[in-house]
Every structure is written in structure tokens, then in C-alpha cells.
Amino acid sequence: MSSITLHKSELKNRKFDVTITGSKSESNRLLLLKALYPEIRLDNVSNSDDSQLMTKALSSTSHIVDIHHAGTAMRFLTAFFAVQEGREVTLTGSKRMKERPIKILVEALQALGADINYAENEGFPPLKIKGKKLTKNKVSLKANVSSQYISALLLIASKLENGLELTLEGEITSIPYIKMTLSLLDEIGVASSFVNNTITVKPNNSKSTAKTLTVESDWSSASYYFSIAALCDMGTEITLSSYKENSLQGDSILVDIYKAFGVVSTFKENQLTLKKETFNIEAINLNLQNAPDIAQTIAVTCFALGIVCNLKGLHTLKIKETDRLVALKTEIEKLGGQVDITNDALYLHPSKAINEMVSIATYHDHRMAMAFAPLALKTSLVIEDAMVVSKSYPTFWNDLKTMGFKISE
Ligand SMILES: O=C(O)C1=C[C@@H](OP(=O)(O)O)[C@@H](O)[C@H](O)C1
Ligand SMILES: C=C(OP(=O)(O)O)C(=O)O
């Protein structure tokens, strides 16, 4: 499937049920932890490309491991392979992955004693990693570029001889993802503390208990249904499975954010129901430093509803699957909107009309494709390279078709 056309759709029913696969972030952490603690069992693991790549990489015996576009896999596996004694691996990825910085993590691992070299450009994948025992246990690193570097170190920390004491320098970005890592460590019996800017993880050379950990479904994927609900008629109800009111995923902040668009969320027995009610706002102001992955969804919801969207805390968007700030500006402006961007902020002016049959470029970014899809409730549009969604949500288009979206190839 290359491009698809989303024909302007009116959803006939008022009630929908959608089952979403497990969180890609939780899955990629737990897959790595299972490699270190084989006695744990996992349920509802994500069927995303990124989690499949993670599974394959962890069981690979090859000297070259290619993780394509999977950022968490790249960062987590760098730490993992660094401590696999006697193993030599070149860890590589897609063209874009070779542009996504990794120096902060590599330098932190090197400071702990790791043997890692750059195979092409300094500071970027591919990496040549010679696994060895790391004996040091204290390191500082910059925390304002990507929390994935910090999670990577935390995931291997309990298997280091003396555990790990991490000092985080500067402002800490994407904090909920760090807390998710610590919570999952806690669930398998690894003790840690996070006080001010210091995280300590205790060593653990014993086994974990043989418990089953059930991955909660993916909240970033749920964001597209919050957006759909916001654009639907009053009374529409979308029920999503399986979600918890107290989630480890920071993107669960969607529940609060989408209240402003009239989307009311209720939880019952791990099902989350979104119900569209009235709303009356002209502008939304948010700092998304703790939930960067929902920025595209929110910007498009606002564009579709003609609401001013003032987003801050977006500095990490420039180093994700594409420069998401530039991509959003370019594609929203093709549709007739007006967007101002800086290095860490986006301002969408109120839109008046939406251009029809615009072809949305997706820049190898799953979230570009999925964030623009709800617009089909307002106009017809084309989504280029539509299977890009499989990075996190392979069945996305089928699930939309089941709801009544008119989609043709
Ligand atoms: O740890 C994780 O699972 C993630 C952390 C975030 O990245 P940054 O910390 O680089 O913002 C997020 O954008 C990404 O999709 C997943
Ligand atoms: C940024 C993302 O993923 P990653 O960094 O793992 O490639 C994402 O899924 O939006």
C-alpha cells in the first residue's frame, strides 16, 4: 500500500469498540527486561514493527543488528549490547536513525567503562559495540535531549555489579517515560529511587518472581480516537480496550487535554469510553514536554475545529522520526492553515476553511499519517506512504474502516 484516499466520511453509528495493541514503550522495556530476567512472562505485548524489531534483535546472534526506525530499540539495545560480555555487534538503523543523536548515551556508557565506537559519523548510529562487564556505577548525563538515554541506562542498571547512580543535568525532558521505566523495574522487584536529579538503582543478581506482566494498551495510539471523538457529532461514543485510569504512560494526560474539546472519558473494567459532548473554546495552550508524541494529534484536532493551538515544550520533536515541527507546518499549510514554529514551539492560527483532496506527505513518520486521518470527518484527503503506521499501530487503517471511514487505495 502506498498512498490511500480517505473520502470525507460521516460515521453512521454512535457507538464503536476498538481494541488497541499493547504500549510500544512498555513493551520495548519489558522485552529487554525479559532478556535479563527470563522468568518474567508478558501479556498484550505490542504488535508494532518497533516491538517486533526489538524482539528479533534481542534473540539475534548476528554481528549486525538493524533496528530500522525504532528509536527506543536503538537506545535500549545500545545499553543492552554494551553489557553482553564477549559479544561484538554493529547496531544500525534506517537513514533517519543515522541522523538521530546518540552521543549522550554513548558517552555515559563509555564513562561506565563500555567499549563503543562510531562506525560512520561521530555522535550517531551505526555503533560498534564490544560487550563487556561494566564495573563503575556513577555517571552524569544531560537530560534535556531524550529521556530514552536515561531509560536505556536504567534498564541494564540492576545487572551491573554495583547498580547505578545517575545524575541528571539540566532540565529533564519526557519525565513520565523515566518514571515508567522505574515503575516497571519495581514490578519485577528491582529497587530504585528518584530524588531531585539523582536516580539510584540497586543491583539485583537474583531472579525476578515468575510473574506475568500485562502491558496496558498504547495511549499514543488512543490519541487518534480522542481526535476522532472531538470531530464527531455530539453523543458519539468510542470504547477503547484495555486501559487503566492510573496509567504508567504519560500520554494518558489526553483524558484531561481532550475535555477542552468536549471529549468526556470514563473508565469501566479496563475499558475507556470517550463520549462527545459540547465544548466552547477558541484556543488551547499546552506545554507538551512530558507528552511529546501527542503534539501532532492535538495540532490537527485544533486545525480541524478552527481552534488556535499554542504548543510549547516541543524541542524533542525535531529529532524524532522526522522534524515533526517542520512536517506539521508544511502539511497543515497545504490544507490552508497558518502555522508558526520555533525550535520548541508551534502556533496554529485559527483556520477558516480546509482545502480538499490535499496529499499529505508522511516523512516516514507513523504519527504524521495517523494524526491527519481524523480530518476525513471534515474533508477528503490523501495520505502518502500509508503503511508507515505499522511502526506503532499496524491495524490502524483496518480499525478506521471498521468504524465506517471510507478508505480506498
Ligand atoms: O522511552 C520511550 O518509550 C519514549 C520516550 C519519548 O522520547 P524522548 O524521551 O526522546 O522524547 C517518546 O517520544 C518516544 O516515542 C518513546
Ligand atoms: C518518537 C517515537 O518513537 P521512537 O523515538 O522510539 O522512534 C514515536 O513513536 O513517536
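Definitions and limits used
- Residues numbered from 1 in each chain as written.
- Chains lettered and ligands numbered in written order.
- Predicted model: local features only at pLDDT ≥ 70, side-chain atom pairs only at ≥ 80, totals over all residues.
- Helix = DSSP H or I, 4+ residues; strand = E, 2+ residues; numbered from the N terminus.
- Rg over C-alpha atoms; globule rule 2.2 N^0.38 Å.
- Buried ≥ 20, exposed ≤ 12 C-beta atoms within 10 Å, placed from the backbone.
- Domains from an automatic or database assignment.
- Contact = placed C-beta atoms within 7 Å.
- Nonpolar A, V, L, I, M, F, W, Y, C, P; charged D, E, K, R; others polar.
- UniProt positions renumbered as here; feature names shortened; annotations may be inferred.
- Near = placed C-beta within 6 Å.
- Axes fitted to C-alpha atoms, helices over the stretch in contact; angles between N-to-C directions.
- Parallel < 35°, antiparallel > 145°, perpendicular 65-115°, else oblique.
- Left-handed = near helix turned anticlockwise from the far one by under 90°.
- Pairing = 2+ DSSP bridges.

Q: Give a description of the overall build of the protein chain that names residues and reports values.
A: Counting its secondary structure elements, the protein chain contains twelve helices and 22 strands. Its C-alpha atoms give the protein chain a radius of gyration of 21 Å, within 12% of the compact-globule value 22 Å for 409 residues. Along the first, second and third principal axes, the C-alpha atoms of the protein chain reach 60 × 45 × 40 Å. Split into buried and exposed, the 409 residues of the protein chain put 49% on the buried side.

Q: Residues and numbers for the domain arrangement of the protein chain, please.
A: As assigned here, the protein chain comprises domain 1 (4-22 + 217-408) and domain 2 (24-214). Contacts between domain 1 and domain 2 engage 20 residues on the former and 23 residues on the latter. Looking at the side of domain 1 that touches domain 2 residue by residue, the class counts come to five nonpolar, twelve polar and three charged.

Q: Give a detailed account of the UniProt feature "binding site: phosphoenolpyruvate" (unreviewed entry) in the protein chain, specifying residues and quantitative values.
A: Taking the UniProt record as the reference, the feature "binding site: phosphoenolpyruvate" (unreviewed entry) is found at K24, G71, R100, Q148, R324, R367 and K391. Structurally, K24 is set in helix α1 (residues 24-36). By C-beta crowding, K24 is classed as buried, having 28 other C-beta atoms within 10 Å. Setting aside chain neighbours within four positions, we find K24 in contact with S46, S48, D50, S51, D218 and S392. A tally of 21 C-beta atoms within 10 Å means that G71 is categorised as buried. What G71 contacts, discounting residues up to four positions off in sequence, is R100 and Q148.

Q: Can you tell me about unusual backbone geometry, naming the residues and giving the values?
A: Each neighbour pair has its own omega, and for P125 with P126 the value is 0°, a cis peptide bond. Mapping P126 onto the fold places it in the loop between β6 (115-118) and β7 (127-130). In the segment running from S241 into S242, the intervening peptide bond is cis, with an omega of -10°. Positionally, S242 belongs in the loop between β13 (237-241) and α8 (254-257). Of note, the phi angle at H68 is positive, near 50°, even though the residue is not glycine. The topology assignment puts H68 in the loop between β4 (64-66) and α3 (71-82). Even without being a glycine, Y363 presents a positive backbone phi close to 55°. Within the element layout of this structure, Y363 appears in the loop between β20 (358-360) and α11 (366-372).

Q: Summarise the site of ligand 1; cite the residues concerned and give the values.
A: Residues in close proximity to ligand 1 include S25, T72, S146, S147, Q148, S151, T173, S174, Y177, P292, D293 and T316, which together make up its full environment. Considered class by class, the residues forming the shell around ligand 1 number two nonpolar, nine polar and one charged. Here the shell around ligand 1 spans two domains, since at least three of its residues come from each of domain 1 (4-22 + 217-408) and domain 2 (24-214).

Q: Which residues make up the site of ligand 2, and what values go with them?
A: Neighbouring residues of ligand 2: H69, A70, G71, T72, D293, K320, E321, R367 and S392. Residue composition of the shell around ligand 2, grouped by class: one nonpolar, four polar and four charged. A domain split of the shell around ligand 2 shows at least three residues from each of domain 1 (4-22 + 217-408) and domain 2 (24-214).

Q: Any details on the packing of helix α5 (residues 147-157) against helix α6 (residues 175-187)? Residues and values, ideally.
A: Between α5 and α6, whose axes approach to 9 Å, the crossing angle comes to 10°. Relative to α6, α5 is oriented roughly parallel. At the point where α5 passes α6, the crossing takes the right-handed sense. Where α5 abuts α6, its residues S147, I150, S151, L154 and L155 lie against I175, Y177, I178, T181, L182 and L185. When its residues are assigned to classes, the contact of α5 with α6 shows eight nonpolar, three polar and no charged.

Q: Tell me what's going on with the pairing of strand β1 (residues 4-7), and back it up with residues and numbers.
A: As judged from the three bridges shared by β1 and strand β21 (residues 381-383), these two strands associate in the antiparallel manner. Its bridge partner lying in β21, L6 is registered against L381.

Q: Let's hear about the UniProt feature "domain: Enolpyruvate transferase" (unreviewed entry) in the protein chain: which residues, and what values?
A: In this numbering, the UniProt entry assigns the feature "domain: Enolpyruvate transferase" (unreviewed entry) to residues 63-400. The distance from the first to the last C-alpha atom of residues 63-400 is 40 Å, and the span holds 28% helix and 23% strand.

Q: Account for the sheet that holds β7, with residues named and values stated.
A: As summarised here, the arrangement of the four strands in space is β4-β5-β7-β6, forming an open sheet in which the pairing is mixed. Two strands close off the open sheet at either side, each with one partner strand: β4 and β6. Averaged over all pairs of adjacent strands, the angle between strand axes in this sheet comes to 20°, irrespective of strand direction. Pairing of strand β5 (residues 88-92) with β7, which is carried by four bridges, proceeds in the antiparallel orientation. Looking across to β7, one finds that T90 is bridged to K128.

Q: Just give me the short version of the sheet that holds strand β17 (residues 308-312), but keep the residues and values in it.
A: Strand order in the open sheet formed by four strands is β16-β17-β19-β18, and the pairing between neighbours is mixed. Looking at the sheet topology across the chains shown, the edges are occupied by β16 (283-287) and β18 (339-341). If you compare each strand with its neighbour and ignore which way they point, the axes differ by 10° on average. With three bridges joining them, β17 and strand β19 (residues 346-348) adopt antiparallel strand pairing. Across the sheet, residue L311 finds its bridge partner in β19, namely L346. Sheet contacts for helix α9 (residues 295-305): β16, β17 and β19; angle to β17, the most-contacted strand, approximately 160°.

Q: Could you give an account of helix α2 (residues 49-59), with specific residues and numbers?
A: For α2, the full list of buried residues reads D49, D50, S51, L53, M54 and A57. Packing partners of the buried residues in α2 comprise α1, β4 and α3.

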